[in-house]
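Each chain, written out:
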Amino acid sequence: IGFSVVAVMTSVFIQETFMVAAIDDKIMIMSKERARKTHIKKMARLFGHMDNTGKGFIDIHEFMNAIADSGLRTWLSSMEVEVRDTFQLFQLLDVDRDGQITVQDLVDGISRLKGTAKSYDMVYLENLNIKLMKDVQLVQKELKRISATARAHGVQIV
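None of these values were measured; they are calculated from a predicted model.

Asker: What's the story with a nonpolar patch on the surface in this structure? I'm lost.
Answerer: Taken together, the side chains of Val139, Leu143, Ile146, Val155 and Ile157 define a hydrophobic patch exposed on the protein surface, amounting to about 440 Å² of accessible area. Locating isoleucine 146 in the fold gives a position in helix H6 (residues 119-152).

Quick look at the structure:
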């Protein structure tokens, strides 16, 4: 009888633990979703502040004028976005390189730039760097081959 009581108590304890863990996961998901919605609202307000002309996009001049405000810089800093170079920040946010930032560009870009680099970002950059190095090695090899062929035909490459 004692063993049965211990087994029942253990199973009740385990069941309660799983229920608490499931609730914690739900709370974590709800918290993340709430933070995402808050971020979108903040970026939409920021976009509205920056888009003086109401065109639905921010150009470099509007962006630089807005970022010149020390209060805005402090606000961005409080969100873990340090503005060191305004033009560079604009380029990082203007992912399609059309010279304009949309509200979606701002939402996505600031989200990516918040805080320090994540492990995911670092691994991605490392893989990209490895691919780039392989491509450079192939180009070097091809240039050596072309140079050798040119020299064999009496052509001097400077």
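Asker: How should I be thinking about the nonpolar core in this particular structure?
Answerer: Nonpolar side chains tend toward joint burial in soluble globular proteins. Of all hydrophobic cores here, the largest spans 21 residues; its most connected members are Met50, Phe63 and Leu106. Looking at this core, the elements with two or more residues in it are helix H1 (2-50), helix H2 (60-67), helix H3 (70-78), helix H4 (86-93) and helix H5 (103-113). The residues contacting leucine 106, other than those within four sequence positions of it, are Met43, Leu46, Phe47, Leu93 and Ile101.

Asker: In this structure, what is going on with the packing of H4 against H5? I would like to understand it.
Answerer: The relative placement of two packed helices is expressed as an angle between their axes plus a distance between the axes. Closest axis-to-axis distance for the H4/H5 pair is 9 Å, and the angle between their directions is 110°. Our classification of the angle between H4 and H5 gives roughly perpendicular. Of the residues in H5, those in contact with Leu89, Leu92 and Leu93 of H4 are Asp105, Leu106, Gly109, Ile110, Arg112 and Leu113. The residue inventory of the contact of H4 with H5, partitioned by class, reads 6 nonpolar, 1 polar and 2 charged.

Asker: Honestly, unusual backbone geometry in this entry has me stumped. Any pointers?
Answerer: Residues apart from glycine generally show negative phi values, whereas peptide bonds are mostly found in trans. One non-glycine residue with positive phi stands out, namely glutamate 80, at about 70°. With respect to the helices and strands, glutamate 80 occurs in the loop between H3 and H4. Phi is positive for arginine 97, close to 60°, though the residue is something other than glycine. Its place among the elements puts arginine 97 in the loop between H4 and H5. Accessibility expressed as a relative area gives 57% for arginine 97, which makes it exposed.

Asker: Help me out: how do you make sense of the confidence of the model for the protein in this one?
Answerer: Parts of the prediction with low pLDDT should not have their coordinates interpreted in detail. Of the residues in the protein, 94% reach a pLDDT of 70 or more, and the chain-wide mean stands at 87. The least confident element of the protein, judged by mean pLDDT, is H1 at 80; the most confident is H2 at 95.

Asker: Sorry if this is basic, but what is going on with the side chain of aspartate 105 here?
Answerer: Along the chain, the position of aspartate 105 falls in helix H5. Here aspartate 105 is buried and forms no salt bridge, its nearest opposite-charge partner arginine 112 lying at an N-O distance of 7.4 Å.

Asker: How should the environment of isoleucine 58 be read in this particular structure?
Answerer: Turning to its location among the elements, isoleucine 58 is positioned in the loop between H1 and H2. On a C-alpha basis, the gap between isoleucine 58 and glycine 99 in space is 8.4 Å, while along the polypeptide they are 41 residues apart. When residues no more than four places from it in sequence are discounted, the contact partners of isoleucine 58 are Phe47, Met50, Asp51, Phe63, Phe90, Gly99, Gln100 and Ile101.

Asker: Teacher, can you tell me more about the pattern of salt bridges here?
Answerer: Two side chains bearing opposite charge may form a pair once their charged atoms approach each other closely. Taken as a whole and judged by the stated rule, the model has 5 salt bridges. Across the pair aspartate 135 and lysine 131 runs a salt bridge whose closest N-O atoms are separated by 2.9 Å. Note that aspartate 135 and lysine 131 are positioned in helix H6 at a spacing of 4 residues, about one turn of the helix. Under the relative-accessibility criterion, aspartate 135 is labelled partly exposed at 32%.

Cut-offs applied
- Residues numbered from 1 in each chain as written.
- Predicted model: local features only at pLDDT ≥ 70, side-chain atom pairs only at ≥ 80, totals over all residues.
- Heavy atoms only, no water.
- Patch = residues over 30% accessible without salt bridge, like charges linked within 9 Å, V, L, I, M, F, W, Y side chains within 5 Å.
- Areas by Shrake-Rupley, 256 points an atom, 1.4 Å probe, with all protein chains shown as cover.
- Salt bridge = Lys/Arg side-chain N within 4 Å of Asp/Glu carboxyl O.
- Helix = DSSP H or I, 4+ residues; strand = E, 2+ residues; numbered from the N terminus.
- Core = buried A, V, L, I, M, F, W, Y, C linked by side-chain atoms within 4.5 Å.
- Buried < 20%, exposed > 50% of the residue type's maximum accessible area, 1.4 Å probe, protein only.
- Contact = heavy atoms within 4.5 Å.
- Axes fitted to C-alpha atoms, helices over the stretch in contact; angles between N-to-C directions.
- Parallel < 35°, antiparallel > 145°, perpendicular 65-115°, else oblique.
- Nonpolar A, V, L, I, M, F, W, Y, C, P; charged D, E, K, R; others polar.
- pLDDT = per-residue confidence, 0-100.
- Lys, Arg positive; Asp, Glu negative; His and termini not counted.

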